[in-house]
Amino acid sequence: MAGNQGFTQTLNLLEVTDGAASLQNLGGGTIDADLRLFAGSSTRKSNLFWDRFLQSASTSNSPTDINPGTRLEFGKSSTTTYTDKDIVKITPINLIKDIAFRYIGFDSDGILTSTNGFEISYIRGESYTEGVYTNKLLSGGNGNGATANITVNSIGEVSSVEITNNGSNYIQGDILSCNELGSGGSGFIIRIVGFPWKCLMVLNSAYDAKLETTSKLSLEVNNTNSSLNGTYLINRDSTSNQNAFYEPNNSSLPSYDVNRLQSAHNTISKNLDTFDIDGDGVYTSYDADLIEIYLNNEGSTNTQYEALFTTYVNNNTPSVNARRNNGIRIANYFTGIDRKFFDIDETGLFDYTIIIPLFKTYATDGFLYQRKVASTLIQQEPNNSITFNNTNIIDFRIKSDPNYALPSDLESSYVKPYIKLFKEIAGQTINLLDNFSLFGTKLTCTTSLNDYVNNTIVGSSNSEFKYTIFNKEFTNGQYIVDIVISGSSQTNQTIGSSANPPVLTPVNAIPVFDSDDEYAVFDSNAIDKFFLKTNPRNTVETLKTLVLFSENYNFESPIGTSSYEGKDVVITSLLSDLIIERDDKLETTNILNLNPPEIVDDGNQFFGDNNALNTSGSFSYDLVDGYAVELSNITNVVDESLFLRSTKYRSDRNFYYKREIKINGLISSYDPDAFNDSLGQLTNNISPGIYISDSTSQVTNTLASDFARKTRSFSSDYNPWREVTGGLKTLSLDVTINDLFWTSEIKLNIGQDGALSSELANMGYDAVGSGQNLSDYFNTTTVGNNESFKLPTTINGEVFFIIMKKS
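Residues numbered from 1 in each chain as written. Predicted model: local features only at pLDDT ≥ 70, side-chain atom pairs only at ≥ 80, totals over all residues. Heavy atoms only, no water.

**Examining the packing of helix α5 (residues 285-296) against helix α8 (residues 352-365)**
Next, step 1: It is the contact of α5 with α8, at a shortest axis distance of 8 Å, that shows an interaxial angle of 170°. It follows from the interaxial angle that α5 and α8 lie roughly antiparallel. Contacts between α5 and α8 involve Ser285, Ala288, Asp289, Ile291, Glu292, Leu295 and Asn296 on the former and, on the latter, Tyr352, Ile355, Ile356, Phe359, Lys360, Ala363 and Thr364.
Next, step 2: Classifying every residue of the contact of α5 with α8 gives eight nonpolar, three polar and three charged. (Axes fitted to C-alpha atoms, helices over the stretch in contact; angles between N-to-C directions. Helix = DSSP H or I, 4+ residues; strand = E, 2+ residues; numbered from the N terminus. Parallel < 35°, antiparallel > 145°, perpendicular 65-115°, else oblique. Contact = heavy atoms within 4.5 Å. Nonpolar A, V, L, I, M, F, W, Y, C, P; charged D, E, K, R; others polar.)

**Overview of empty space enclosed by the protein**
Next, step 1: With the rule as written, the count across this model stands at four cavities of 30 Å³ or more.
Next, step 2: Of the volumes computed, that of the largest cavity is approximately 70 Å³.
Next, step 3: Surrounding the largest cavity, Thr70, Leu72, Ile90, Phe436, Phe513, Leu532, Val547, Phe549, Leu575 and Leu578 form its lining.
Next, step 4: Here the lining of the largest cavity is built from residues that sort into nine nonpolar, one polar and no charged. (1 Å grid on protein atoms, 1.4 Å probe; cavity = no way out; pocket = protein on both sides within 12 Å on 5 of 7 lines; lining within 4 Å. Points joined across faces, edges and corners; volume = space filled by probe spheres on them.)

**Comments concerning the sheet that holds strand β18 (residues 441-447)**
Next, step 1: Reading across the sheet, the five strands line up as β19-β20-β21-β18-β22 and stay open at both edges, with antiparallel pairing between neighbours. Each edge of the open sheet is held by one strand with a lone partner, namely β19 (461-462) and β22 (505-511).
Next, step 2: One ladder, built from eight bridges, connects strand β20 (residues 467-475) with strand β21 (residues 478-485); its direction is antiparallel. From the neighbouring strand, Glu473 faces β21, where its bridge partner is Ile480. (Pairing = 2+ DSSP bridges.)

**Remarks on the packing of aromatic side chains**
Next, step 1: Under the counting rule described, the total for this entry stands at 30 aromatic pairs.
Next, step 2: Taking the centre distance of 4.7 Å and the plane angle of 75° together, the rings of Phe439 and Phe549 count as edge-to-face. Of this pair, Phe439 sits in the loop between β17 (428-431) and β18 while Phe549 sits in the loop between β24 (529-533) and β25 (552-555); the two residues are 110 residues apart in sequence, bridging distant segments of the chain. Considered together, Phe439 and Phe549 belong to a single accessibility category, that of buried residues.
Next, step 3: Across from the ring centre of Tyr333, 3.8 Å away, lies the NZ or CZ of Arg324, which sits over that ring.
Next, step 4: Of note, Arg339 hangs over the ring of Phe350, and the distance from its end group to the ring centre comes to 3.7 Å. (Phe/Tyr/Trp six-rings, centres within 6.5 Å; stacked < 30°, edge-to-face > 60°. Buried < 20%, exposed > 50% of the residue type's maximum accessible area, 1.4 Å probe, protein only. Lys NZ or Arg CZ within 6 Å of the ring centre and 35° of its normal.)

**Here we look at the packing of α5 against helix α6 (residues 302-315)**
Next, step 1: Closest axis-to-axis distance for the α5/α6 pair is 11 Å, and the angle between their directions is 150°. When the interaxial angle is binned, α5 and α6 end up roughly antiparallel. Handedness of the α5/α6 crossing: right-handed. Across the interface between the two elements, Tyr286, Asp289, Leu290, Ile293 and Tyr294 from α5 touch Tyr305, Leu308, Phe309, Tyr312 and Val313 from α6.
Next, step 2: For the contact of α5 with α6, the per-class residue count stands at nine nonpolar, no polar and one charged. (Left-handed = near helix turned anticlockwise from the far one by under 90°.)

**Details of the sheet that holds strand β10 (residues 175-176)**
Next, step 1: Within the open sheet, the three strands sit side by side as β6-β11-β10. Their pairing is antiparallel. The two strands at the open ends of the sheet, each matched to only one other strand, are β6 (120-123) and β10.
Next, step 2: Sheet topology note: the β10/strand β11 (residues 189-192) ladder contains two bridges and is antiparallel. What sits directly across from Leu176, in β11, is Ile190.

What follows is the structure, encoded as structure tokens:
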């Protein structure tokens, strides 16, 4: 399907209202009953990806619910499809950004004196010649070149095997043998039971390394290929019994700071045009200096900013290509940028002592964080003695070369490769990437009548105790207030005091979010935003509540060296990458081969003249071509709908489509550079403005015959007509005389001094004839005051009349 690039499901009939009609009466006469005939027939799930660098989350009010909730937003590069009441499960993941493979062999056991080793095992065989056979070539399997020292004991059995050369390209399960152990022997074989290949992945976000040196780790690989997808144990060093990690960039920082650094890098790199303050086409230290002036003088008036920028420009010559080369233009440009846009590390702190150096570093170095290259790292050995605080690099053993490469355009790929990283605690595994426990706790609290009435307002927040009130009710003689509080603390102690009311006593606490639970999509716009609700399979709507994360969290690094130690950061800055799995229990393929049922009750049909069957008014499924064709037609309609829906409001690239855009409200165009002050700039492709065009015109086509149809709207340059010598001209193919009007004066060169005979003739006038000019036909004698006169005028070969009234 061309349109559905979010979820990978081919078609979910539960979402297709037009398609439902073709199934009616199969299950009892209602569309809902008919569709549910096929529910449960599929176990497929659709995957929707949340990339923390591309998308965002916010706490806001649901339009159909009084309580605030956490809204997930998918960026403009996402073409997702999901609707209200979709049932989803959300799991933290880590996207694979780089990958490499290497054959490392199967000899880690050294001398194998038993028949069961970690990497190989063997069958002893019989009747071989006693002796020690050195560096004997092994045959068989998928590889070549392996050699071994093999010892045969006095009774003709192989007693030990030592691999001396790994050879190349063997895989797990290969069976090797040796034909050089004397004569007459048989039965000796070597089985490769270990994984002789290594896979190394560079991930999208960092996690703490020091905390996991002795943990039992495993990972689940998804969306690569069948040879690589699966669950793998991560081998620990046999001597130290510790996990070995590769050292990343900025290894002294804790993982939280590394992830914030990556967020800042991503924000700047994807918005270089916006951060190009002087408008010379590149982001440089000059722009970083202007940003520093703007941020360090927050709260200044526009006049004060103009003076500051003017001083800087006078002391630092701008680029010859700069469009904003004076204080006024620079100050005007900043007024068009939301302050939140400069929160590039996404902490919500606006700590300019951290943000400004990031802008400067990127301008100087061209990056803030660079992931190491997998193909280089895999030739090195990991660090068994952890001296660094984070890593985003992990390796594990696999059975063979999977022949897998990452998609060339990984960012826009909607089936992204990812991993889940697990550690074992008390016999159970938990997802290392799952930090939802930090996102807050829902507390049910009791309070007094006075506080209930006067000091608890649904939606209000308490900055001291960091909670938000989301519900209140009087139940069983108690005044109940439900709050969401940051973290998992303060569940057993009174919150608030008489000096800072209300006083709340917690009686019940549950996490705000659990990745093991299912949730329901709620208030989706089916484009790029939705809320989540709890208890999706409960039919009682009142039992479903919006998921609400705490707005802030007091971040403290486990190792105490974070730049944000002890500060309240926004909860959404803790979000990792997420995989959202939608429950798709219904597929088109389940019913494609069904035939329309035989109609027993044929209603009012009868045989008319010449025994012709008259079906007027009788019952019919209207499925002449069967379900397969009808549903195929429906699928095509849905495809087109999804495509148009996803492209209609895109701003990252141009689209040519026939549907009109309807807008309710106001649209304004901002021109901070005063670019359009020059008349000659109005026809420039980068001229700011809002344009409307003919429905058959491609506005991106600069050919004059087509580009002329692009008409500037909401500006003074609305008139498509242009004055030329002796007349008017337009390049538009569709503009008519009805579009010709003047706002100031009309100048007609008809019968006036200087009018050429050829010009008059071309316009349908006799240059010498009587009454064919204004002097003869529009004077005080022929036309009185307030009388009108129709002046014939030929335009493009067609005669029009200009209505003139004498004043």
